[in-house]
Amino acid sequence: MTSPHPPGATPPPGCPAHARPAAEPHRPASPHAAPYAPAQDAVRLYGPDFAADPHGFYAELRRQGPVAQVEIAPGVPAMLVTDYRAALELLHDDATWSKDSRPWMPTVPQDSPVMPMLTWRPNVFFSDGEAHDRYRKVITDSFALLEPYELRGYVQGAADTLISRFGAEGRADLITQYARVLPLMIFNRVFGLPDSYSDRLISALAGMLEGRTPAEAARANEDYTRYIMELVAAKKERRGPDLTSWFMDHPAGLTDEELIHQIVLTMGAGHEPTTNLIGNALARMLSDNRYYSTLSGGALTARDAINDVLWNDPPLGNYSAHFPRRDVFFHGTWIRAGQLTMVSYAAANAQFGTVPLEQPGAGGGAHLSWAAGPHACPVRNTALLIATTAIERLTAWLSDIELTVPFDELEWRVGAFHRALAALPARFTPLTPDQAGATPWDSSPSPSTRPAPTSPARPPASAR
(Lines give C-alpha, C1' and ligand atoms only; values in the text may rest on other atoms or scores of the structure.)
Protein backbone atom coordinates (compact mmCIF):
# COMPACT_ATOMS: atom_id res chain seq x y z
CA MET A 1 0.00 0.00 0.00
CA THR A 2 1.08 3.59 -0.41
CA SER A 3 0.44 4.49 3.23
CA PRO A 4 -1.79 3.67 6.20
CA HIS A 5 -5.38 4.91 5.87
CA PRO A 6 -5.37 8.69 6.32
CA PRO A 7 -7.95 10.30 8.62
CA GLY A 8 -11.46 9.91 7.20
CA ALA A 9 -10.54 7.05 4.87
CA THR A 10 -11.76 4.27 7.12
CA PRO A 11 -14.92 2.67 5.68
CA PRO A 12 -18.08 3.49 7.65
CA PRO A 13 -19.69 0.78 9.80
CA GLY A 14 -21.74 -1.71 7.83
CA CYS A 15 -19.94 -1.23 4.51
CA PRO A 16 -18.46 -4.16 2.54
CA ALA A 17 -14.85 -3.33 3.41
CA HIS A 18 -15.39 -4.47 7.00
CA ALA A 19 -16.23 -7.98 5.88
CA ARG A 20 -12.60 -9.13 5.67
CA PRO A 21 -9.16 -7.63 6.38
CA ALA A 22 -6.77 -6.75 3.60
CA ALA A 23 -3.49 -8.63 3.54
CA GLU A 24 -0.18 -7.02 2.60
CA PRO A 25 1.10 -8.89 -0.48
CA HIS A 26 4.71 -9.64 -1.38
CA ARG A 27 6.28 -6.53 -2.89
CA PRO A 28 8.22 -6.97 -6.17
CA ALA A 29 11.59 -5.25 -6.27
CA SER A 30 10.68 -2.52 -8.77
CA PRO A 31 7.85 -1.41 -11.01
CA HIS A 32 9.61 -3.03 -13.94
CA ALA A 33 9.40 -6.40 -12.18
CA ALA A 34 5.64 -6.28 -12.80
CA PRO A 35 5.28 -4.41 -16.09
CA TYR A 36 1.93 -3.28 -17.37
CA ALA A 37 0.51 -5.80 -19.82
CA PRO A 38 0.13 -4.84 -23.50
CA ALA A 39 -3.27 -3.36 -24.26
CA GLN A 40 -4.30 -6.42 -26.27
CA ASP A 41 -3.94 -8.56 -23.13
CA ALA A 42 -6.01 -6.25 -20.94
CA VAL A 43 -9.71 -6.71 -20.23
CA ARG A 44 -11.66 -4.43 -22.57
CA LEU A 45 -14.30 -2.27 -20.95
CA TYR A 46 -16.00 -1.28 -24.17
CA GLY A 47 -18.23 -2.98 -26.68
CA PRO A 48 -21.65 -4.57 -26.33
CA ASP A 49 -20.46 -7.52 -24.22
CA PHE A 50 -19.30 -5.26 -21.39
CA ALA A 51 -22.43 -3.10 -21.66
CA ALA A 52 -24.64 -6.19 -21.40
CA ASP A 53 -22.90 -7.73 -18.37
CA PRO A 54 -20.46 -5.39 -16.60
CA HIS A 55 -20.60 -7.31 -13.31
CA GLY A 56 -19.42 -10.44 -15.11
CA PHE A 57 -16.39 -8.46 -16.25
CA TYR A 58 -15.80 -7.08 -12.74
CA ALA A 59 -15.82 -10.62 -11.34
CA GLU A 60 -13.11 -11.54 -13.85
CA LEU A 61 -11.10 -8.42 -13.00
CA ARG A 62 -11.16 -9.22 -9.27
CA ARG A 63 -9.20 -12.37 -10.02
CA GLN A 64 -6.27 -10.06 -10.86
CA GLY A 65 -6.44 -8.58 -7.35
CA PRO A 66 -7.51 -5.17 -6.00
CA VAL A 67 -6.06 -3.44 -9.09
CA ALA A 68 -6.75 -4.75 -12.59
CA GLN A 69 -5.32 -4.09 -16.04
CA VAL A 70 -7.94 -2.84 -18.49
CA GLU A 71 -8.39 -1.08 -21.80
CA ILE A 72 -11.07 1.64 -21.80
CA ALA A 73 -10.97 2.30 -25.56
CA PRO A 74 -8.86 1.00 -28.44
CA GLY A 75 -5.25 1.83 -27.61
CA VAL A 76 -6.06 3.37 -24.21
CA PRO A 77 -4.81 1.22 -21.29
CA ALA A 78 -5.61 1.95 -17.66
CA MET A 79 -5.42 0.46 -14.20
CA LEU A 80 -8.79 -0.09 -12.54
CA VAL A 81 -9.26 -0.28 -8.75
CA THR A 82 -11.99 -2.84 -8.03
CA ASP A 83 -11.48 -3.26 -4.26
CA TYR A 84 -13.55 -1.14 -1.87
CA ARG A 85 -10.80 -0.51 0.69
CA ALA A 86 -8.19 0.21 -2.00
CA ALA A 87 -10.60 2.63 -3.68
CA LEU A 88 -11.13 4.52 -0.42
CA GLU A 89 -7.38 4.77 0.13
CA LEU A 90 -6.74 6.14 -3.35
CA LEU A 91 -9.61 8.63 -3.18
CA HIS A 92 -8.31 10.10 0.10
CA ASP A 93 -4.60 10.19 -0.80
CA ASP A 94 -3.99 13.35 -2.82
CA ALA A 95 -0.31 13.32 -1.82
CA THR A 96 0.36 10.24 -3.96
CA TRP A 97 -2.28 10.71 -6.64
CA SER A 98 -2.82 13.71 -8.92
CA LYS A 99 -5.86 14.64 -11.01
CA ASP A 100 -3.77 16.48 -13.63
CA SER A 101 -4.04 14.52 -16.89
CA ARG A 102 -1.65 16.66 -18.94
CA PRO A 103 1.45 14.45 -18.58
CA TRP A 104 -0.64 11.43 -19.61
CA MET A 105 -2.45 12.97 -22.60
CA PRO A 106 0.42 12.67 -25.15
CA THR A 107 0.43 8.89 -24.64
CA VAL A 108 -3.12 8.48 -26.01
CA PRO A 109 -4.54 8.88 -29.53
CA GLN A 110 -6.00 12.40 -29.54
CA ASP A 111 -9.05 11.26 -31.50
CA SER A 112 -9.87 8.58 -28.93
CA PRO A 113 -13.54 8.63 -27.86
CA VAL A 114 -12.49 8.80 -24.18
CA MET A 115 -10.56 12.05 -24.55
CA PRO A 116 -13.57 14.33 -23.89
CA MET A 117 -13.81 12.72 -20.43
CA LEU A 118 -10.08 12.85 -19.69
CA THR A 119 -8.63 15.94 -21.40
CA TRP A 120 -7.25 18.44 -18.88
CA ARG A 121 -9.19 21.65 -18.35
CA PRO A 122 -8.90 24.38 -15.69
CA ASN A 123 -11.75 23.06 -13.58
CA VAL A 124 -12.39 21.19 -10.35
CA PHE A 125 -12.11 17.72 -11.97
CA PHE A 126 -8.53 18.09 -13.17
CA SER A 127 -6.91 20.19 -10.46
CA ASP A 128 -5.11 19.54 -7.20
CA GLY A 129 -4.37 21.40 -3.99
CA GLU A 130 -5.20 25.09 -3.76
CA ALA A 131 -6.52 25.31 -7.33
CA HIS A 132 -8.94 22.45 -6.65
CA ASP A 133 -10.07 23.96 -3.34
CA ARG A 134 -10.67 27.31 -5.03
CA TYR A 135 -12.77 25.86 -7.85
CA ARG A 136 -14.69 23.57 -5.53
CA LYS A 137 -15.61 26.41 -3.20
CA VAL A 138 -17.11 28.36 -6.09
CA ILE A 139 -19.37 25.40 -6.84
CA THR A 140 -20.36 24.51 -3.28
CA ASP A 141 -20.97 28.12 -2.21
CA SER A 142 -23.08 28.83 -5.29
CA PHE A 143 -25.18 25.67 -5.13
CA ALA A 144 -25.82 26.38 -1.44
CA LEU A 145 -27.80 29.43 -2.58
CA LEU A 146 -30.31 27.31 -4.50
CA GLU A 147 -33.42 27.01 -2.36
CA PRO A 148 -34.50 23.35 -2.27
CA TYR A 149 -38.21 24.19 -2.42
CA GLU A 150 -37.64 26.37 -5.51
CA LEU A 151 -35.55 23.70 -7.18
CA ARG A 152 -38.23 21.10 -6.44
CA GLY A 153 -40.78 23.41 -8.05
CA TYR A 154 -38.61 23.75 -11.17
CA VAL A 155 -38.33 19.97 -11.44
CA GLN A 156 -42.08 19.48 -11.02
CA GLY A 157 -42.77 22.10 -13.68
CA ALA A 158 -40.29 20.55 -16.11
CA ALA A 159 -41.71 17.08 -15.45
CA ASP A 160 -45.25 18.28 -16.09
CA THR A 161 -44.16 19.97 -19.33
CA LEU A 162 -42.53 16.77 -20.61
CA ILE A 163 -45.38 14.50 -19.53
CA SER A 164 -47.88 16.78 -21.25
CA ARG A 165 -45.92 16.30 -24.50
CA PHE A 166 -46.31 12.52 -24.56
CA GLY A 167 -49.15 11.86 -22.11
CA ALA A 168 -51.85 11.54 -24.77
CA GLU A 169 -49.83 8.93 -26.68
CA GLY A 170 -50.06 6.26 -23.97
CA ARG A 171 -46.42 5.30 -24.51
CA ALA A 172 -43.00 6.91 -24.33
CA ASP A 173 -39.29 6.27 -24.31
CA LEU A 174 -38.50 7.42 -20.79
CA ILE A 175 -34.84 8.04 -21.67
CA THR A 176 -35.03 10.26 -24.76
CA GLN A 177 -38.37 11.88 -23.87
CA TYR A 178 -37.89 12.32 -20.13
CA ALA A 179 -34.73 11.36 -18.22
CA ARG A 180 -32.29 12.87 -20.72
CA VAL A 181 -34.27 16.07 -21.26
CA LEU A 182 -35.42 17.00 -17.77
CA PRO A 183 -31.99 17.75 -16.19
CA LEU A 184 -31.13 20.09 -19.06
CA MET A 185 -34.35 22.04 -18.59
CA ILE A 186 -33.38 22.46 -14.94
CA PHE A 187 -29.78 23.46 -15.71
CA ASN A 188 -30.95 26.04 -18.26
CA ARG A 189 -33.14 27.58 -15.55
CA VAL A 190 -30.72 27.54 -12.60
CA PHE A 191 -27.83 28.86 -14.71
CA GLY A 192 -29.97 31.84 -15.60
CA LEU A 193 -31.46 31.67 -19.10
CA PRO A 194 -35.18 31.83 -19.94
CA ASP A 195 -36.99 28.55 -20.53
CA SER A 196 -37.14 29.39 -24.25
CA TYR A 197 -33.40 28.56 -24.41
CA SER A 198 -33.75 25.04 -23.01
CA ASP A 199 -34.53 23.42 -26.37
CA ARG A 200 -31.24 24.79 -27.75
CA LEU A 201 -29.30 23.26 -24.88
CA ILE A 202 -31.15 19.96 -25.24
CA SER A 203 -30.54 19.82 -28.99
CA ALA A 204 -26.84 20.66 -28.68
CA LEU A 205 -26.04 18.07 -26.03
CA ALA A 206 -28.15 15.43 -27.77
CA GLY A 207 -26.15 16.04 -30.94
CA MET A 208 -22.86 15.73 -29.07
CA LEU A 209 -24.04 12.47 -27.51
CA GLU A 210 -25.73 10.92 -30.53
CA GLY A 211 -24.07 12.53 -33.56
CA ARG A 212 -23.76 9.81 -36.18
CA THR A 213 -20.92 11.51 -38.05
CA PRO A 214 -17.98 13.69 -36.97
CA ALA A 215 -19.62 16.60 -38.82
CA GLU A 216 -22.85 16.23 -36.82
CA ALA A 217 -20.92 16.06 -33.56
CA ALA A 218 -18.85 19.10 -34.54
CA ARG A 219 -21.99 21.12 -35.34
CA ALA A 220 -23.50 20.13 -32.01
CA ASN A 221 -20.32 21.20 -30.21
CA GLU A 222 -20.46 24.57 -31.98
CA ASP A 223 -24.10 24.98 -30.92
CA TYR A 224 -23.21 24.15 -27.32
CA THR A 225 -20.30 26.60 -27.36
CA ARG A 226 -22.58 29.31 -28.74
CA TYR A 227 -25.13 28.61 -26.00
CA ILE A 228 -22.48 28.92 -23.27
CA MET A 229 -21.06 32.14 -24.71
CA GLU A 230 -24.54 33.72 -24.93
CA LEU A 231 -25.21 32.66 -21.33
CA VAL A 232 -22.01 34.30 -20.09
CA ALA A 233 -22.61 37.45 -22.17
CA ALA A 234 -26.16 37.76 -20.82
CA LYS A 235 -24.98 37.50 -17.21
CA LYS A 236 -22.13 39.97 -17.76
CA GLU A 237 -24.73 42.45 -18.93
CA ARG A 238 -27.19 41.73 -16.14
CA ARG A 239 -26.73 39.56 -13.08
CA GLY A 240 -29.56 37.53 -11.58
CA PRO A 241 -30.35 34.97 -8.86
CA ASP A 242 -28.62 32.17 -10.74
CA LEU A 243 -25.52 29.97 -10.68
CA THR A 244 -23.73 31.82 -13.48
CA SER A 245 -24.01 35.15 -11.66
CA TRP A 246 -22.91 33.58 -8.38
CA PHE A 247 -19.93 31.94 -10.10
CA MET A 248 -18.99 35.35 -11.54
CA ASP A 249 -19.31 37.23 -8.27
CA HIS A 250 -17.59 34.67 -6.06
CA PRO A 251 -14.55 35.98 -4.12
CA ALA A 252 -12.42 33.34 -5.87
CA GLY A 253 -12.37 35.73 -8.83
CA LEU A 254 -12.64 33.29 -11.74
CA THR A 255 -11.17 34.40 -15.05
CA ASP A 256 -13.44 34.20 -18.09
CA GLU A 257 -11.75 30.96 -19.14
CA GLU A 258 -12.16 29.44 -15.69
CA LEU A 259 -15.80 30.58 -15.51
CA ILE A 260 -16.67 28.93 -18.82
CA HIS A 261 -14.96 25.69 -17.83
CA GLN A 262 -16.79 25.53 -14.48
CA ILE A 263 -20.13 26.02 -16.25
CA VAL A 264 -19.35 23.41 -18.92
CA LEU A 265 -18.13 20.96 -16.29
CA THR A 266 -21.12 21.46 -13.99
CA MET A 267 -23.62 20.99 -16.80
CA GLY A 268 -21.81 18.01 -18.29
CA ALA A 269 -21.03 16.29 -14.99
CA GLY A 270 -24.58 16.86 -13.83
CA HIS A 271 -26.36 15.81 -17.00
CA GLU A 272 -25.10 12.31 -17.78
CA PRO A 273 -25.11 10.90 -14.20
CA THR A 274 -28.50 12.44 -13.37
CA THR A 275 -30.01 11.12 -16.58
CA ASN A 276 -28.66 7.65 -15.84
CA LEU A 277 -29.77 7.79 -12.21
CA ILE A 278 -33.35 8.63 -13.23
CA GLY A 279 -33.40 6.06 -16.04
CA ASN A 280 -31.80 3.21 -14.08
CA ALA A 281 -34.06 3.82 -11.07
CA LEU A 282 -37.20 3.93 -13.23
CA ALA A 283 -36.15 0.68 -14.91
CA ARG A 284 -35.96 -0.99 -11.50
CA MET A 285 -39.23 0.46 -10.23
CA LEU A 286 -41.20 -0.53 -13.33
CA SER A 287 -39.91 -4.11 -13.36
CA ASP A 288 -39.98 -5.04 -9.66
CA ASN A 289 -43.17 -5.77 -7.74
CA ARG A 290 -41.55 -4.67 -4.49
CA TYR A 291 -42.22 -1.11 -5.57
CA TYR A 292 -45.94 -1.75 -5.46
CA SER A 293 -46.32 -3.92 -2.36
CA THR A 294 -44.25 -5.73 0.23
CA LEU A 295 -45.01 -8.39 2.82
CA SER A 296 -45.19 -5.64 5.43
CA GLY A 297 -47.78 -3.81 3.35
CA GLY A 298 -45.66 -0.80 2.39
CA ALA A 299 -44.39 -0.16 -1.12
CA LEU A 300 -40.77 0.72 -1.77
CA THR A 301 -40.24 4.32 -2.85
CA ALA A 302 -38.40 6.28 -5.50
CA ARG A 303 -35.63 6.94 -2.99
CA ASP A 304 -35.31 3.17 -2.42
CA ALA A 305 -34.90 2.68 -6.17
CA ILE A 306 -32.24 5.38 -6.24
CA ASN A 307 -30.37 3.74 -3.34
CA ASP A 308 -30.62 0.43 -5.19
CA VAL A 309 -29.04 1.99 -8.28
CA LEU A 310 -26.32 3.81 -6.35
CA TRP A 311 -25.27 0.57 -4.68
CA ASN A 312 -25.78 -1.96 -7.45
CA ASP A 313 -25.84 -0.14 -10.82
CA PRO A 314 -24.12 3.28 -10.44
CA PRO A 315 -24.82 5.88 -13.15
CA LEU A 316 -21.05 6.19 -13.60
CA GLY A 317 -19.60 2.73 -13.16
CA ASN A 318 -15.96 3.72 -13.57
CA TYR A 319 -14.26 7.11 -13.26
CA SER A 320 -12.24 9.13 -10.70
CA ALA A 321 -9.28 9.36 -13.06
CA HIS A 322 -6.02 9.69 -11.10
CA PHE A 323 -2.34 9.64 -12.02
CA PRO A 324 0.41 8.64 -9.53
CA ARG A 325 3.01 11.33 -8.98
CA ARG A 326 5.72 8.65 -8.78
CA ASP A 327 6.04 4.91 -9.26
CA VAL A 328 3.91 3.42 -6.50
CA PHE A 329 3.35 -0.07 -5.12
CA PHE A 330 -0.40 -0.06 -4.54
CA HIS A 331 -2.23 -3.05 -3.05
CA GLY A 332 0.10 -5.58 -4.62
CA THR A 333 0.62 -3.89 -8.00
CA TRP A 334 3.31 -1.52 -9.23
CA ILE A 335 1.75 1.46 -11.02
CA ARG A 336 4.09 3.73 -12.92
CA ALA A 337 4.17 7.50 -12.55
CA GLY A 338 1.57 9.19 -14.75
CA GLN A 339 -0.31 5.97 -15.56
CA LEU A 340 -4.08 6.40 -15.80
CA THR A 341 -5.72 4.77 -12.78
CA MET A 342 -9.48 4.81 -12.28
CA VAL A 343 -11.87 3.65 -9.58
CA SER A 344 -14.64 1.22 -10.40
CA TYR A 345 -17.46 2.38 -8.16
CA ALA A 346 -19.62 -0.46 -9.46
CA ALA A 347 -17.06 -3.20 -8.79
CA ALA A 348 -16.12 -1.82 -5.35
CA ASN A 349 -19.77 -1.48 -4.28
CA ALA A 350 -20.53 -5.04 -5.33
CA GLN A 351 -17.32 -6.60 -4.03
CA PHE A 352 -19.17 -8.83 -1.58
CA GLY A 353 -22.39 -9.20 -3.55
CA THR A 354 -25.33 -6.99 -4.35
CA VAL A 355 -26.96 -5.06 -1.53
CA PRO A 356 -30.59 -6.24 -1.15
CA LEU A 357 -33.47 -3.89 -0.45
CA GLU A 358 -35.56 -6.08 1.82
CA GLN A 359 -37.41 -3.16 3.34
CA PRO A 360 -37.98 0.53 2.55
CA GLY A 361 -35.04 2.70 3.51
CA ALA A 362 -32.46 -0.09 3.29
CA GLY A 363 -29.26 0.28 1.34
CA GLY A 364 -27.69 3.29 3.17
CA GLY A 365 -24.99 5.62 2.03
CA ALA A 366 -21.62 3.83 2.34
CA HIS A 367 -21.46 3.20 -1.43
CA LEU A 368 -18.80 4.93 -3.56
CA SER A 369 -21.10 6.18 -6.32
CA TRP A 370 -20.45 9.79 -5.28
CA ALA A 371 -16.71 8.98 -5.00
CA ALA A 372 -15.06 9.99 -1.69
CA GLY A 373 -12.37 12.21 -0.27
CA PRO A 374 -11.52 15.72 -1.54
CA HIS A 375 -12.95 15.01 -5.00
CA ALA A 376 -16.30 13.54 -3.87
CA CYS A 377 -19.33 14.92 -5.68
CA PRO A 378 -19.93 18.41 -4.25
CA VAL A 379 -23.63 18.59 -5.21
CA ARG A 380 -25.00 15.15 -4.43
CA ASN A 381 -28.02 16.55 -2.57
CA THR A 382 -29.01 18.57 -5.65
CA ALA A 383 -28.74 15.50 -7.87
CA LEU A 384 -30.79 13.43 -5.42
CA LEU A 385 -33.51 16.07 -5.22
CA ILE A 386 -33.77 16.32 -9.03
CA ALA A 387 -33.85 12.55 -9.56
CA THR A 388 -36.26 11.81 -6.71
CA THR A 389 -38.69 14.55 -7.68
CA ALA A 390 -38.59 13.59 -11.37
CA ILE A 391 -39.42 9.96 -10.60
CA GLU A 392 -42.13 10.79 -8.07
CA ARG A 393 -43.80 13.25 -10.44
CA LEU A 394 -43.83 10.80 -13.34
CA THR A 395 -45.20 7.88 -11.35
CA ALA A 396 -47.81 10.11 -9.68
CA TRP A 397 -49.31 11.23 -12.98
CA LEU A 398 -48.86 7.86 -14.75
CA SER A 399 -49.81 5.51 -11.95
CA ASP A 400 -50.19 2.43 -14.15
CA ILE A 401 -47.01 2.91 -16.18
CA GLU A 402 -45.11 -0.28 -17.07
CA LEU A 403 -42.23 -1.37 -19.28
CA THR A 404 -43.03 -2.79 -22.71
CA VAL A 405 -40.04 -5.16 -22.61
CA PRO A 406 -38.62 -7.26 -19.73
CA PHE A 407 -35.82 -5.69 -17.71
CA ASP A 408 -33.27 -8.26 -18.89
CA GLU A 409 -33.97 -7.33 -22.53
CA LEU A 410 -33.24 -3.62 -22.11
CA GLU A 411 -30.36 -2.28 -24.21
CA TRP A 412 -27.44 -0.56 -22.48
CA ARG A 413 -25.23 2.05 -24.12
CA VAL A 414 -21.66 1.05 -24.89
CA GLY A 415 -18.87 2.81 -22.97
CA ALA A 416 -16.28 2.28 -20.24
CA PHE A 417 -17.48 5.05 -17.93
CA HIS A 418 -21.26 5.14 -17.77
CA ARG A 419 -24.01 2.66 -16.95
CA ALA A 420 -26.72 4.04 -19.18
CA LEU A 421 -29.81 2.72 -20.90
CA ALA A 422 -30.13 3.33 -24.63
CA ALA A 423 -33.93 3.37 -24.27
CA LEU A 424 -36.63 2.68 -21.70
CA PRO A 425 -39.90 1.98 -23.55
CA ALA A 426 -43.02 2.19 -21.40
CA ARG A 427 -46.80 2.31 -21.77
CA PHE A 428 -49.61 3.73 -19.64
CA THR A 429 -53.23 4.84 -19.81
CA PRO A 430 -53.26 7.95 -22.02
CA LEU A 431 -53.87 11.34 -20.42
CA THR A 432 -55.65 14.19 -22.21
CA PRO A 433 -55.90 17.89 -21.34
CA ASP A 434 -59.70 17.84 -21.23
CA GLN A 435 -60.20 14.78 -19.02
CA ALA A 436 -61.86 15.11 -15.63
CA GLY A 437 -59.63 15.92 -12.67
CA ALA A 438 -56.13 17.35 -12.50
CA THR A 439 -53.70 16.76 -15.36
CA PRO A 440 -50.07 17.74 -16.08
CA TRP A 441 -51.39 20.44 -18.41
CA ASP A 442 -53.00 22.19 -15.45
CA SER A 443 -49.67 22.74 -13.67
CA SER A 444 -47.39 23.08 -16.69
CA PRO A 445 -47.48 26.69 -17.97
CA SER A 446 -45.84 27.29 -21.31
CA PRO A 447 -42.30 28.71 -21.28
CA SER A 448 -43.60 32.11 -22.31
CA THR A 449 -45.96 32.34 -19.35
CA ARG A 450 -43.95 30.57 -16.64
CA PRO A 451 -42.80 33.15 -14.08
CA ALA A 452 -39.12 33.84 -13.55
CA PRO A 453 -37.43 32.91 -10.26
CA THR A 454 -38.41 35.24 -7.45
CA SER A 455 -35.41 34.78 -5.15
CA PRO A 456 -33.37 37.94 -4.70
CA ALA A 457 -29.82 38.00 -6.00
CA ARG A 458 -27.52 36.82 -3.20
CA PRO A 459 -23.74 36.74 -2.96
CA PRO A 460 -22.04 33.43 -2.16
CA ALA A 461 -21.70 32.62 1.53
CA SER A 462 -17.99 33.43 1.62
CA ALA A 463 -18.69 36.94 0.33
CA ARG A 464 -21.32 37.79 2.95
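Residues numbered from 1 in each chain as written. Predicted model: local features only at pLDDT ≥ 70, side-chain atom pairs only at ≥ 80, totals over all residues. Heavy atoms only, no water.

> Can you help me understand the pattern of salt bridges in this one?
Close approach of charged atoms allows side chains with opposite charge to pair. Under the definition given, this model contains 19 salt bridges. A salt bridge links arginine 63 to glutamate 60; the nearest nitrogen and oxygen atoms lie 2.5 Å apart. On the basis of relative accessibility, which here comes to 64%, the residue arginine 63 falls in the exposed class. Overall, the relative accessible area of 40% leaves glutamate 60 in the partly exposed class. Ionic pairing is found between arginine 284 and aspartate 313, a salt bridge with its closest N-O pair at 3.4 Å. In this pair, arginine 284 is assigned in helix 12 (residues 256-285) and aspartate 313 in the loop between helix 13 (302-312) and strand 6 (318-324), connecting sequence segments 29 residues apart. Arginine 284 sits in the buried class, given a relative accessible area of 15%. Look at aspartate 313 and you get buried, because its relative accessible area is 6%. Taken together, the shared-partner salt bridges in this structure form one network comprising Arg284, Asp308, Asp313 and Arg419. (Salt bridge = Lys/Arg side-chain N within 4 Å of Asp/Glu carboxyl O. Buried < 20%, exposed > 50% of the residue type's maximum accessible area, 1.4 Å probe, protein only. Helix = DSSP H or I, 4+ residues; strand = E, 2+ residues; numbered from the N terminus.)

> Help me out: how do you make sense of empty space enclosed by the protein in this one?
Sizing a probe to match a water molecule and rolling it over the atoms shows the empty space that remains. Here the structure, examined in full by the defined rule, presents five cavities of 30 Å³ or more. Of the voids in this model, the largest cavity is the one considered here, and its volume is about 110 Å³. Along the wall of the largest cavity there are 18 residues; nearest its centre are Phe50, Pro54, Tyr58, His418 and Arg419. Every element with two or more residues in the lining of the largest cavity is listed here: helix 1 (48-52) and helix 2 (54-62). (1 Å grid on protein atoms, 1.4 Å probe; cavity = no way out; pocket = protein on both sides within 12 Å on 5 of 7 lines; lining within 4 Å. Points joined across faces, edges and corners; volume = space filled by probe spheres on them.)

> Sorry, what's going on with the pairing of strand 3 (residues 76-81) here?
Regular strands show a simple pattern: their side chains alternate between the two faces of the sheet. Of all six residues that make up strand 3, five are buried, and the element is covered over most of its length. As judged from the six bridges shared by strand 2 (residues 67-73) and strand 3, these two strands associate in the antiparallel manner. Opposite glutamine 69, over in strand 3, you have methionine 79 as the bridge partner. Hairpin connection from strand 2 to strand 3: two residues lie between these consecutive antiparallel strands, with glycine 75 at a positive phi of about 80°. Bridge count for strand 3 against strand 9 (residues 341-344) is three bridges, and the pairing is parallel. (Pairing = 2+ DSSP bridges.)

> Explanation requested: the pairing of strand 9 in the structure shown.
Because side chains alternate across strand 9, one face comprises the buried residues Thr341 and Val343, and the other comprises Met342 and Ser344, equally buried. Pairing analysis gives three bridges linking strand 6 to strand 9, with the strands arranged antiparallel. By the bridge assignment for strand 9, histidine 322 is matched with threonine 341.

> I tried to follow the nonpolar core on my own but got confused; where do I start?
For soluble globular proteins, nonpolar side chains are generally found buried alongside one another. Counting 82 residues, the largest nonpolar core has Leu182 and Met267 as its most contacted members. In terms of residue count, the dominant contributor to this core is helix 12 (10 residues). Those residues in contact with leucine 182, other than ones at most four positions away along the chain, are Val155, Ala158, Ala159, Leu162, Ile386 and Ala390. Listed in part, the 50 residues of the second largest apolar core include Leu45, Leu90, Met115 and Leu340. (Core = buried A, V, L, I, M, F, W, Y, C linked by side-chain atoms within 4.5 Å. Contact = heavy atoms within 4.5 Å.)

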